[in-house]
Every structure is written in structure tokens, then in C-alpha cells.
Amino acid sequence: MPLEALLQPNAAAMALIGRYDHVTRLPNRLQFIEQFPALLSPRTPQTLMLVTLAEARHYNEMLRALGMAFAEDFVRAGADLLASLLPYETRLFHVSVLSFALVLDVDDTAQIPVIAAVIAAAFAGAIEVEAIPVKTQVGVGLLPLSVHADGTESLRAALVAAQDSRRIEPRLAFYNHQTDAAHLRAFRILADLPGAIATAGQLSLHYQPRIQLASGACHGAEALLRWHHPELGPISPAEFVPLAEQTALIAPLTDWVIDTALRQNRQFLDAGHDLRISINASPVNVAEAGFDDQLLHRCDAAGLAPHHVELEFTEGTLATNSARTIAQLSRLRGAGINVALDDFGSGYSNLSYLARIPADVLKIDQSFVRPLIAPGDNDFLLRHIVSMAQGLGFRVCAEGIETAHAYGVLRELGCEEGQGYHMARPMPAPQFADWLAVRP
Ligand code: C2E
Ligand code: MG
Ligand code: MG
């Protein structure tokens, strides 16, 4: 037999492999993408429906507890239930481990949510797998299709809707451009951040003067991170720092901030300004083993004494590996670095912690200060926070002083320091140096 003929059946078999899901034997994502243009019709309104059976975390727990064969039986049982709810001629595709896609041709589009609700309701009870009732966490995502729709992008958008649907009852949601745009932006920010850290010119630090309220003198400033993205423009640290905190990127980002702040503080000192620069650190940074040694080493390498540096951390820090965090903060304090508890009062302030927090300064959150605009405005909480903090031995710094009135009230209360637009906004390093130079 010629070699060609021998290979022929194998070639046909090979063509099938990779086109069907091995668990459910349904056509897979590859086939969905291939057949998608042919599924589209200019005559009937069409909707892509994507059904996911469970969240990945839930599925992983099932894998750990009950094994792979059971998990596969679960997926098969889900596929069978779904197929039993659909009209006979519907093509069902198994597009990822836990997700199934189908295109609905329904003239009356008002019927779409009704059909989706029936499916969501059928999965609301437990499904039986090897005589064990298992709860699904079904999500049904819906995307109206146009004849120009793209298969890959449509699947992604329908999956976004299916994920969104998990937060609502019944578990069905149409694709929402706004929530998707927010996710895409977050993804873009994280994808572009390593480049911003590695290349000069996108990240910078702005400095906001910290003022002694009694004298008006400035002996310090807070370094605040700024990112000018080449296409997205300025991005607030309040947006990108929390995203970086969810990933390993927070380490190189904080490294960049520390190195830049120390270098620039050396330059301020050389220009004759004796300052303490406050650096914001994330909970994950402070909990990292060796953070204390590295910071002290870097101060030394930058030619700065520890008292020229302050570390700001938030209460959340203490929730992350608190024993090590507290030990490292204590060590930094012992070595002469100032430690400040940032945004006090904004989270779930744990007052029993407060007594044993290794900090020198307590920064009162802006939300207590900014409402102080005119005489008569309620300062009850502020008054008591200042007195409690001082009673515990902290120096107090108020954030968000926007008016002369707030400045006056805080000075009367004996609050030692403050920051706010009333005195100065955060400024780039050269402007801050100019600002310092013209102060009496
Ligand atoms: P934060 O550390 O509490 O910084 C104070 C924020 O309040 C800054 O916002 C500052 O510009 C703003 N601010 C100062 N005075 C006033 C005022 O009078 N009125 C009002 N409305 N706002 C005022 P920014 O620079 O947007 O930073 C926001 C947050 O982002 C910071 O809050 C901090 O949590 C975080 N962040 C900034 N830079 C860094 C950084 O280098 N590392 C880390 N981990 N977080 C940072
Ligand atoms: Mg801060
Ligand atoms: Mg703050």
C-alpha cells in the first residue's frame, strides 16, 4: 500500500482532534470561530449566549476535593442539562472548560431574557453527579450580534456579560460596554506599567509640603506618584496603585518611588533645604521580608541619614502578615526612620491596634478635615481624634486642609502638622525647590 493511503485516515483523524472537546464531545472554540460567520444571518435578530457553569475557584476546589474524573462528570452533567433546555436544532459549542456558547435566532428579542431566565432557573438547583448533588454557580451572558460581528471578540464580550451576571439575580446579563471598558482599561494599565517603570519620562514624583501649623514652617513633604501615559494621559495613583497592589508589580513600582524620592531628597539637601520626605508604601511592600534592611541600605547608599525619611503606611498594612510588618516597622523606627499611619479613620480603624502601632505620626484622613469650611461646621470627631492620638503619644498631621478656617480650627486643637491645597498643592520637584527657595 502506498504511503499516502496509509497516512490518509490518520490525516482525517488528526483534523478532528483539537476540534471537539474531549469531555463533552461537543464542537469546541476552534469550530465556533470557524463556523461563526456562517451562523450569522442578516434576516433574524441574533443573540450570542454564553453559559458558564461555575467560577474557576469553585471548580478548582472540586478538583482538589473530588478529583478530575468527578469534575469532568460535573461538566458533562452541566452540558447535558443545558442541551436539554435548548431547541433540538441549536448548535452548542464547548468553548472553554466551564463555558458553552450558542447563537439564538429569535424574532421577538423580548423573548431573549425570558429564555435566559429559564436556563438560569434550571441551574439554580443542584445537579446530580455520581449521586452527589452539586451546586452550580451558573452565569448567563448575552450579546446581541450584528452581521459584522467577530467570533473571538463576541465570545470575549459574552464571557464578560456572564461574569457580570454572577452579581445579580436571576443570573443573566447583557454585555455592558461601560463595565467592560473599565476592565479593559485596568488590564491596559497593568500591561503598560512595567514599561513605564523601565523607561524614563512617564513616572514622576510630585511633592506636597507638610506644614507646622503653629509656625507655618515647612520641614517636610510627601512624595506622590504621578504617571503620564503616552496615550491615556495622566493616570491617578488612586487608580493604578491599587491595581499594581494586586500583582507583583507593586514591588518594582515602590522600588522606583523609593529610589527617586531618596535621590531627589539628596538634591533638596544639597540645595540647602533640610527636609524629611514621606514615602507611601503599600501593605504588601511592608510585609515583604527584608523590606526594612533594604530601605535602610538605600538611604545609606543615597547619602541620607534615616531621619530624612518617613514611611507612610495605611491600616490595611497591619492586616497583611501583621507580626512581620510590625517587627519591620519597629526596626525602621529604631533606626531613625519616621513612621506615619496614613488615612487614619478612613478604614475600619481598629482602636486596640492603635496603642501598639509602631508609629510616630498619625495622619488624619481628609474626610474629617475637608468638611470644615466655615465657622459652625461640625468638628466633633476631629477634636476627639486629635486628643486621642496625642494621648497615645502620636504627633498629628491633618490631611486635606482646603480653607483658612480648617487651618485655624486645627491649629486651635493643637494639631501639630498639616497638608492641603490651602497651603500648597503637590508640585514637580523643580517647582517644589523654587517654592522652598522663596519662603521666608
Ligand atoms: P495619600 O497618601 O493619602 O495622599 C494624599 C492625597 O490627597 C494625594 O492625592 C494629594 O494630592 C491629595 N491632597 C492633598 N491635599 C489635598 C487637599 O487639600 N484636598 C484634596 N481634595 N486632596 C488633597 P494623590 O496624589 O492623588 O494620591 C492618592 C493616593 O494614592 C495617596 O493618598 C496614596 O494612597 C496613593 N499614592 C500616591 N503616591 C503613591 C506612592 O508612591 N506609593 C503608593 N503605594 N501609594 C501612593
Ligand atoms: Mg500618604
Ligand atoms: Mg493620606
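Numbering of residues begins from 1 in every chain and follows the order in which that chain's sequence is written. Both sets of labels track the order of writing: A upward for chains, 1 upward for ligands. Under the rules for a predicted model, residues below a pLDDT of 70 receive no local features and side-chain atom pairs below 80 are neither given nor counted, while totals for whole chains, interfaces and linings still include all residues. Side-chain figures throughout are based on the complete set of non-hydrogen atoms in the structure, without hydrogens or water.

(A) The sheet that holds strand E3 (residues 99-105), seen in detail. One bridge is not enough; two strands pair if DSSP finds at least two bridges between them. Labels follow the DSSP assignment, with helices taken as runs of H or I lasting at least four residues and strands as runs of E lasting at least two, numbered in each case from the N terminus. The strand order across the open sheet built from 5 strands is E2-E3-E1-E6-E7, with neighbouring strands paired in mixed fashion. One side of each edge strand has no neighbouring strand; the edge strands of this open sheet are strand E2 (93-96) and strand E7 (172-174). Averaged over all adjacent pairs, the angle separating strand axes in this sheet is 30°, with direction ignored. The pairing of strand E6 (residues 139-145) with E7 spans 3 bridges and is parallel. Counterpart to Gly141 in the pairing with E7 is Ala173. Each axis is a line fitted through C-alpha atoms, and for a helix only the stretch in contact is used; angles between axes span 0 to 180 degrees, taken between their N-to-C directions.

(B) Region of the structure containing the domain arrangement of the protein chain. Each assigned domain of the protein chain is listed here: domain 1 (3-178) and domain 2 (201-437). Where a domain begins and ends is set by an automatic assignment or by a domain database. Each of domain 1 and domain 2 has a C-alpha centre, and the two are 49 Å apart.

(C) How the structure looks around a negative patch on the surface. Patch membership is restricted to residues that have no salt bridge and whose relative accessible area is over 30%. Joining uses 9 Å for like charges and 5 Å for the nonpolar side chains Val, Leu, Ile, Met, Phe, Trp and Tyr. Areas reported as accessible are Shrake-Rupley estimates using a 1.4 Å probe. Residue values count occlusion only from the protein chains shown. Salt bridge, as used here: a side-chain nitrogen of Lys or Arg that lies within 4 Å of a carboxyl oxygen of Asp or Glu. Positive residues here are Lys and Arg, negative ones are Asp and Glu, while His and the chain termini are left out of the count. Every charge is mapped onto a representative atom, which is NZ of Lys, CZ of Arg, CG of Asp or CD of Glu. A surface patch of negative charge is lined by Glu89, Asp105, Asp107 and Asp108. Within the element layout of this structure, Asp108 appears in the loop between E3 and helix H5 (111-122).

(D) Broad picture of the coordination of the magnesium ion (ligand 3). Only nitrogen, oxygen and sulfur atoms qualify as donors, provided they sit within 2.8 Å of the metal or within 3.2 Å for Na, K and Ca; with water excluded from the atoms, sites may seem incomplete. Surrounding the magnesium ion (ligand 3) are the protein donor atoms Asp342 (OD), Asp343 (OD), Glu399 (OE) and Glu399 (OE), which sit 2.0 to 2.4 Å from the metal. Here the donor residues of the magnesium ion (ligand 3) share one chain and are spaced in sequence as D-D-x55-E. In this structure, the magnesium ion (ligand 3) is positioned 3.9 Å from the magnesium ion (ligand 2), and both are ligated by Asp342. Relative accessible area serves as the criterion here: at 24%, Asp343 is assigned to the partly exposed category. The cut-offs for exposure are 20% and 50% of the maximum accessible area for each residue type, with area from a 1.4 Å probe on protein chains only; residues under the lower value are buried, those over the upper are exposed, and the others partly exposed.

(E) How the structure looks around the coordination of the magnesium ion (ligand 2). In this structure, Glu222 (OE), Asn280 (OD1), Glu312 (OE) and Asp342 (OD) serve as the protein donors to the magnesium ion (ligand 2), at separations of 2.0 to 2.2 Å. Going along the chain, you hit the donors of the magnesium ion (ligand 2) in the pattern E-x57-N-x31-E-x29-D.

(F) Representation of the side chain of Gln202 in the model. Along the chain, Gln202 turns up in the loop between helix H7 (177-198) and strand E8 (203-212). Among the residues examined, Gln202 registers a relative accessible area of 18% and is labelled buried. Only 2.9 Å separates the side chain of Gln202 from the side chain of Trp227, close enough to count as a polar contact. Here, two residues are considered to be in contact whenever any of their heavy atoms come within 4.5 Å of each other. Excluding residues within four positions of it along the chain, Gln202 makes contact with Ala196, Arg226, Trp227, His228, His229 and Pro230. Pairs of N or O atoms within 3.5 Å make up the polar contacts considered here, provided that, within protein, one atom can donate a hydrogen while the other can accept it, and that residues adjacent in sequence are counted only when both atoms are side-chain atoms.

(G) Fine view of the site of ligand 1. Around ligand 1, a shell composed of 24 residues is seen, among which Glu222, Arg226, Gln366, Glu402 and Tyr421 lie nearest. Residue Leu225 places a main-chain N or O atom 3.1 Å away from a nitrogen atom belonging to ligand 1. At 2.9 Å, a side-chain N or O of Asp343 approaches an oxygen atom of ligand 1. Compared with its free state, where it exposes 800 Å², ligand 1 has 84% of that area covered by protein. Here a cavity is any set of points on a 1 Å grid over the protein atoms alone where a 1.4 Å probe fits but cannot get out, and a pocket is any open set with protein on both sides within 12 Å along at least 5 of 7 lines; a residue lines the site when it has an atom within 4 Å of a point. Pocket or cavity membership: a molecule qualifies when more than half of its atoms sit within 2 Å of the grid points of that site. The cavity that encloses ligand 1 is the largest pocket. Looking at the shell around ligand 1, the elements that each hand over two or more residues are strand E9 (218-229), helix H8 (237-245) and strand E13 (338-344). Within the shell around ligand 1, the residues separate by chemical class into 10 nonpolar, 6 polar and 8 charged. We call a residue near a given molecule or strand whenever any one of its heavy atoms falls within 4 Å of it. Charged residues are taken to be Asp, Glu, Lys and Arg, nonpolar residues to be Ala, Val, Leu, Ile, Met, Phe, Trp, Tyr, Cys and Pro, and polar residues to be all remaining types, Gly included.

(H) Region of the structure containing the packing of aromatic side chains. The criterion for an aromatic pair is that two Phe, Tyr or Trp rings (for Trp, the six-membered ring) have centres within 6.5 Å, with stacked assigned to planes under 30 degrees apart, edge-to-face to planes over 60 apart and tilted to the rest. Following the criterion strictly, the structure yields 7 aromatic pairs and no others. Both rings, one in Phe32 and one in Phe93, keep their centres 5.3 Å apart while their planes meet at 85°; by these two values the pair is edge-to-face. Of this pair, Phe32 sits in helix H2 (residues 29-39) while Phe93 sits in strand E2; the two residues are 61 residues apart in sequence, bridging distant segments of the chain. The buried category is assigned to Phe93, whose relative accessible area is 0%. A centroid spacing of 5.2 Å and a plane angle of 90° characterise the contact between Tyr207 and Phe268, whose relative ring orientation is edge-to-face.

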